[in-house]
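Observations on chain architecture
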Amino acid sequence: TREDKIDAAIEAFRRSKFKIPGRQKIHVSSRWGFTRFAKEDYEKWTATGRMKEDGVGCKWMAGHGPLSRFMRNVIASPGDRPQ
């Protein structure tokens, strides 16, 4: 869930324990969505251009390799395409 909806999600899981047998565990992740990056790192690297959104996940822009590959990834990123 999003950051602003965490309290509502926790309350919904708390109420569900009366209807669903067994134990429901609540875990708030330190990661950004379904990526392997921490929330602070994701925001920092996105602002500096080292990471680009790529659908559900994200693409890490490494500092190695030819400049043509880097420019191809920058141009082809889905967030930069006109609607």
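All figures in this text were calculated on a predicted structure; none of them were measured in a lab.

Some remarks on the overall build of the chain
If you tally the helices and strands in the chain, you get 3 helices and 2 strands. Each helix and strand of the chain, ordered N terminal to C terminal, gives the series α-α-β-β-α. Across the 83 residues in the chain, those meeting the buried criterion constitute 13%. The long-range fraction of contacts in the chain, counting pairs at least 24 apart against all pairs at least 6 apart in sequence, stands at 9%.

Details of the packing of aromatic side chains
Each aromatic ring pair is characterised by the separation of its centres together with the angle its planes make. If you walk through the whole model with that rule in mind, you get 4 aromatic pairs. With centroids separated by 4.8 Å and ring planes inclined at 70 degrees, the aromatic side chains of tryptophan 45 and tryptophan 60 adopt a geometry described as edge-to-face. Within this pair, whereas tryptophan 45 is found in helix H2 (residues 39-48), its partner tryptophan 60 is found in strand S2 (residues 57-60), the two being separated by 15 residues in sequence. By relative accessible area, tryptophan 60 is classed as partly exposed at 33%. In textbook terms, an aromatic cluster arises when at least three aromatic residues are bridged by ring pairs, as seen for Phe37, Trp45 and Trp60.

Looking at the side chain of lysine 39
By the element assignment, lysine 39 lies in helix H2. A polar contact is formed between the side chain of lysine 39 and the backbone oxygen of serine 29, at a distance of 3.2 Å. With sequence-adjacent residues up to four places away left out, lysine 39 is seen in contact with Glu3, Ser29, Ser30, Arg31 and Trp32.

Structural notes on helix H1 (residues 6-16)
For H1, the full list of buried residues reads Ile6, Ala9 and Ser16. Projected down its long axis, H1 shows its buried positions confined to an angular sector of 90 degrees, all on one face. The outward face of H1, more than 90 degrees from its buried face, is lined by the exposed residues Asp7, Ala8 and Arg15.

A short note on the confidence of the model for the chain
Confidence in the prediction of the chain, expressed as mean pLDDT, is 77, and 81% of residues score 70 or more. Mean pLDDT per element in the chain: helix H3 (residues 67-75) is the minimum at 66, and H1 is the maximum at 87.

Criteria and cut-off values
- Residues numbered from 1 in each chain as written.
- Predicted model: local features only at pLDDT ≥ 70, side-chain atom pairs only at ≥ 80, totals over all residues.
- Heavy atoms only, no water.
- Helix = DSSP H or I, 4+ residues; strand = E, 2+ residues; numbered from the N terminus.
- Buried < 20%, exposed > 50% of the residue type's maximum accessible area, 1.4 Å probe, protein only.
- Contact = heavy atoms within 4.5 Å.
- Phe/Tyr/Trp six-rings, centres within 6.5 Å; stacked < 30°, edge-to-face > 60°.
- Polar contact = N/O pair within 3.5 Å; in protein donor to acceptor, adjacent residues only side chain to side chain.
- Arc of directions from axis to C-beta.
- pLDDT = per-residue confidence, 0-100.

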